[in-house]
Amino acid sequence: MSRDPVERPPLPSVWQSPRVRALAFQGLALALLLGFGAFIVGNTVANLSKQGIASGFGFMGTTAGFGISMSLIEYAEEHSYFRVFIVGLLNTLLVSAIGIVLATLLGFVLGIMRLSPNWLVAKVAAVYVEVVRNLPLLLQIFFWYFGILRQLPGPRQSVALFDSVFLNNRGLFTPEPVPEPGFAAIPGALLVAVVVSLGLARWARRRRDRTGQPFHTVYVALGLLIGLPMLAAAAAGFPLRWEYPALEGFNFVGGMELIPELVALVVALSTYTAAFIGEIVRAGILGVNRGQIEAAQAVGLRRGPMLRLVVLPQALRIIIPPLTSQYLNLTKNSSLAAAIAYPDLVLVFAGTVLMQTGQAVEIICITMAVYLTLSLTISLFMNWYNRGIALVER
Amino acid sequence: MAPRAQAVESSTREALLPPVATVGAVGWLRRNLFSSPLNTALTFAVLYLLYLAIPPLVRWAFLDADWVGTSREACRREGACWVFIRVWFERLMYGLYPREDLWRINVGYGLLAAAGVLLFVPRFPWRHWVGLFLFVGYPIVAWYLFAGGRVRLSLVNAAVLLVLVGGAVARFVATLRGARWARAGRGGYPVVAAGLAAWLVVGGWGLGYAPLTVSFELLPLVETRLWGGLFLTLVIAAVGIVGSLPLGVLLALGRRSTLPVVRMICVGFIEVWRGVPLITVLFMASNMFPLFMPEGVNFDKLLRALAGVTIFASAYMAEVVRGGLQAIPRGQYEAAEALGLGYWRTMGLVVLPQALRIVIPGIVNNFIGLFKDSTLVLIIGLFDFLGMAQAAASNAHWLGFAVEGYVFTGFGFWLFCFGMSRYSQHLERRLRTGH
């Protein structure tokens, strides 16, 4: 009688090997994606050829033939669609930039107000945040544009501020600085002041690290930054003239004109985003450990240096990442301009140009690519800045 | 000899009351409003600003407002014309939906409310069934209730679908209840998925199976272009959230997958949609989706917008879910692996139930965002709550009442969003006490 052979486990099948499974699964996923892509591209090509639309970017050189109500660069109806694209892009960037600056200022004020020991101030800020945050942005844009700015009186009954800023249903009119010969000296002096201040700050930090002696860089730098350009201006005979808007006939002439669409959009975007930024700032300041403040007091720092050297750097570390996403949101939300006919990228390019040429695929892809690039650029920049102030573990 | 001053108190004294100025209303005022010269100045400044803002607002909205009437002539006073809202109320709520069919929308709301209430009753014995109905049955029932029209149902198709979907549902329920066949057997879901795929390849719904087709019309058709008002806003937000949840979970799992190809596809998808504004997505949906479809297949405008909103929302949902997945400690994954669970069971039975529970507040916040963003559909020509108010304000008979419309719709949106954000904060607090 022979002994039973040692029972061996059956060899696992190829399909039970994790590597084979992983490869198969990824192959399947890729095949599905490519199949879906081919399906869509095939259909699109068939549909386009049926409608007689030639694909490609040749249309960008064609004459546009329509006017745009506001442009930062020279634009006329004879210009090409490419020029329209640039005009729209610049308008989008303009409204985003102004919005980001105003929203940050208002947001920090709101965040600090919410932490105020004054009950009334804190409550007013809280009510503002809860109301504005919970209303759709589009509704707020409509409210400012159709509800307020469009209802304003005409130029003759403008709301005036110091007889130099006028608000009416045609827009906002402010004095415009006009440089005269010799103006270049002022920015030149400012540049020199910036360079000198930076050098001074470096030197002061080195000296403090070496000898422990503090140096009031801030005051000296402020003096330089304000004083040098003033000196240069005085030397050149104040080569800057303010051109005031003046009522002539039915409208204002001269000065800077901001169309009502731009004003409504900037106001709505910045007040809306400020509510979110206020909450971020509040959370950031509250997020600084109480022990840090007590330790700063214990080593004898006064209130100013304590905020500047201990609280703010740590609060900023918490604030920056969500602040970045708010900036991104504001930039993307500026596309709501299309709803009130502010000539941004979406309105003039993805709207009018698409309507005129029918090149839906190309135009939507370009528009999306622009926003994607903007988003990635802002987040790259903020990541770089964030790395600079991030906690260095020792 | 002069009596010596008593140095030791022989009896106990009553404790002194705190100074009047530190307790009660006076103390509160001193502490919170007048604690320093700066604070006092701030208090008076804010009070003055409130005095400038509040009385005119109250006069406009209530004291000087017109409340009754049926036409614009009823609005003769200085303040708001609420008659405008009163006249347009039905349109603002339901859009152009036929008046005699409004009960269908109300029944839909009622069903949702009833199921919602049952779901929140603690220890209700059939909660799982109610949840299942809400996410699987209700969308179908509600869609037919709202849209109606002739249904052509191939019995073969219906049977195939019923077996496959019913099998999956039964399998899911059995797992939840810990039935033996569900514990012992292998997956089961791959069989269903393969069956569905095969069915789609053969032709799916498009296959007529003419001899076996029944056709019936329980409710008359209401075209989606008639949908509007708050109803449409709710439909868009609900479809967006219900559709984006499963997609978002899959994308989040894909983003954390160890398979590089799958991970790259998911990262690309998520980052692209999160990097572009919703408007461009809606423009894409309304201009490019028709080009993507084979000839003859036609989506109506609402369906295209819904698809766009769902894709957009799923990218944001994926990031929320990813946060939950990252919060689950490694030990949970390792324990599931040690028990011999495969990938899908690890995720479905161990990780996701915990991860999803953590991110409920995030999901609610997402929903608030989606609810507010749903107003953008008015740019591609759908008349949602805000769009209807805008349309009413530009009606030739009712020009000049835009602000009343915005105040009313704003109040509606605010109620929903504020309520949900309070609910999400409440959940956050309740979930935090666990540790």
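Residues numbered from 1 in each chain as written. Chains lettered and ligands numbered in written order. Predicted model: local features only at pLDDT ≥ 70, side-chain atom pairs only at ≥ 80, totals over all residues.

Novice: What is the right way to look at the overall build of chain A in this model?
Specialist: When helices and strands are counted, chain A shows 11 helices and eight strands. If you line up chain A on its principal axes, its C-alpha atoms span 115 × 75 × 45 Å. In chain A, which comprises 394 residues, the share counted as buried stands at 28%. Long-range contacts, defined here as pairs at least 24 residues apart, represent 67% of the contacts in chain A between residues at least 6 apart. (Helix = DSSP H or I, 4+ residues; strand = E, 2+ residues; numbered from the N terminus. Buried ≥ 20, exposed ≤ 12 C-beta atoms within 10 Å, placed from the backbone. Contact = placed C-beta atoms within 7 Å.)

Novice: How should the overall build of chain B be read in this particular structure?
Specialist: Within chain B, the regular secondary structure consists of 18 helices and two strands. In summary, chain B has a C-alpha radius of gyration of 30 Å against a globular reference of 22 Å for 435 residues, an excess of more than 25%. With respect to the principal axes defined by its C-alpha atoms, chain B has extents near 125 × 75 × 40 Å. Of all intrachain contacts in chain B linking residues separated by at least 6 positions in sequence, the fraction that spans at least 24 positions is 68%. (Rg over C-alpha atoms; globule rule 2.2 N^0.38 Å.)

Novice: Which parts of the structure should I look at to understand the domain arrangement of chain B?
Specialist: Often the size quoted for an interface is simply the accessible area lost on bringing the parts together. Here chain B is partitioned into domain 1 (20–63), domain 2 (84–96 + 227–435) and domain 3 (150–218). On a C-alpha basis, the centroid separation for the pair domain 2 of chain B and domain 3 of chain B is 27 Å. (Domains from an automatic or database assignment.)

Novice: What is the right way to read the sheet that holds strand S8 (residues 256–258) of chain A from this model?
Specialist: Sheets are built from strands that pair by backbone hydrogen bonding, the pairs being arranged parallel or antiparallel. All names here are of chain A. Across the sheet, four strands lie side by side as S1-S2-S3-S8; this open sheet has antiparallel pairing. At either end of the open sheet lies a strand with only one pairing partner, and these are strand S1 (159–161) and S8. Averaged over all adjacent pairs, the angle separating strand axes in this sheet is 15°, with direction ignored. The pairing of S1 with strand S2 (residues 165–168) spans three bridges and is antiparallel. (Pairing = 2+ DSSP bridges. Axes fitted to C-alpha atoms, helices over the stretch in contact; angles between N-to-C directions.)

Novice: Before we go on, may I ask you to explain the interface of chain B and chain A in this structure?
Specialist: At the junction of the two partners, chain B supplies 41 residues and chain A supplies 47 residues. Of all the secondary-structure elements, those providing two or more residues to the side of chain B that touches chain A are helix H2 (37–63), helix H10 (260–275), helix H11 (278–287), helix H12 (289–292), helix H17 (385–393) and helix H18 (402–432) of chain B.

Novice: Help me out: how do you make sense of H2 of chain B in this one?
Specialist: Because each turn of an α-helix spans 3.6 residues, side chains separated by three or four positions in sequence point in the same direction. Taking 1.5 Å of rise per residue, 27 residues should cover 39 Å, and H2 of chain B covers 37 Å from first to last C-alpha, within 8% of that figure. The element H2 of chain B is barely covered by neighbouring structure, given that only one of its 27 residues are classed as buried. (Expected span 1.5 Å × (residues − 1).)

Novice: What should I look at first to understand the packing of helix H3 (residues 119–133) of chain A against helix H7 (residues 260–286) of chain A in this one?
Specialist: Two numbers describe a pair of packed helices, the interaxial angle and the distance between the axes. Residue and element names in this part refer to chain A. One way to put it is that H3 packs onto H7 with a least axis distance of 9 Å and a crossing angle of 125°. Overall, the two elements H3 and H7 adopt an arrangement that is oblique. In this structure, the crossing between H3 and H7 has a hand that is left-handed. Between H3 and H7, the residues in contact are Ala125, Tyr128, Val129, Val132 and Arg133 and Thr271, Tyr272, Ala275, Phe276, Gly278 and Glu279, respectively. (Parallel < 35°, antiparallel > 145°, perpendicular 65-115°, else oblique. Left-handed = near helix turned anticlockwise from the far one by under 90°.)

Novice: Help me understand the environment of Tyr423 of chain B, please; the structure alone is not making it clear to me.
Specialist: Mapped onto the elements, Tyr423 of chain B comes out in helix H18. Since 14 C-beta atoms lie within 10 Å of it, Tyr423 of chain B is described here as partly exposed.

Novice: I tried to follow the nonpolar core on my own but got confused; where do I start?
Specialist: The tendency in soluble globular proteins is for nonpolar side chains to be buried side by side. Ile141 and Leu265 of chain A together with Leu282 of chain B are the most contacted members of the largest nonpolar core, which has 146 residues in total. At 14 residues, the largest contribution of residues to this core is made by H7 of chain A. Residues in contact with Leu265 of chain A, not counting those within four places in the same chain, are Val95, Ile141, Ser334, Ala337, Ile340 and Tyr342 of chain A. Of all hydrophobic cores here, the second largest spans five residues; its members include Ala189, Ala193, Leu228 and Ala232 of chain A. (Core = buried A, V, L, I, M, F, W, Y, C linked by C-beta atoms within 7 Å.)

Novice: How should the confidence of the model for chain B be read in this particular structure?
Specialist: Detailed reading of the predicted coordinates is not advisable wherever pLDDT falls low. For chain B, the mean per-residue pLDDT works out to 84, and 92% of the residues sit at or above 70. Reported confidences for the modelled complex are a pTM of 0.84 and an ipTM of 0.84. (pLDDT = per-residue confidence, 0-100.)

Novice: Looking at this structure, how should I read the packing of helix H4 (residues 102–120) of chain B against helix H5 (residues 127–147) of chain B?
Specialist: All names here are of chain B. Following both chains from N to C, one finds H4 and H5 inclined at 175°, their axes separated by 10 Å at the closest point. Between H4 and H5, the angle is such that the two are roughly antiparallel. Along the contact surface, H4 presents Arg104, Ile105, Val107, Gly108, Leu111, Leu112, Ala115, Leu118 and Leu119, while H5 presents Arg127, Val130, Gly131, Phe133, Leu134, Tyr138, Ala142, Leu145 and Phe146. Taken together, the residues that form the contact of H4 with H5 break down as 14 nonpolar, two polar and two charged. (Nonpolar A, V, L, I, M, F, W, Y, C, P; charged D, E, K, R; others polar.)

Novice: Just to check I follow, could you spell out unusual backbone geometry for this structure?
Specialist: The phi torsion of most residues other than glycine is negative, and most of the peptide bonds are trans. One non-glycine residue, Ala341 of chain A, adopts positive backbone phi at about 65°. When you line up the elements, Ala341 of chain A lands in the loop between helix H9 (303–333) and helix H10 (345–357).

Novice: Any chance you could explain the environment of Val239 of chain B here in plain terms?
Specialist: All names here are of chain B. Structurally, Val239 is set in helix H9 (residues 229–255). By C-beta crowding, Val239 is classed as buried, having 23 other C-beta atoms within 10 Å. Spatially, the C-alpha atoms of Val239 and Ser257 are 27 Å apart, while their sequence positions differ by 18 residues.

Novice: Hey, could you run me through the environment of Leu265 of chain A in this one?
Specialist: Residues and elements named next belong to chain A. Along the chain, the position of Leu265 falls in helix H7. Owing to 26 C-beta atoms within 10 Å, Leu265 belongs among the buried residues under this scheme. Spatially, the C-alpha atom of Leu265 lies 8.6 Å from that of Gly99, the residues being 166 residues apart in sequence.

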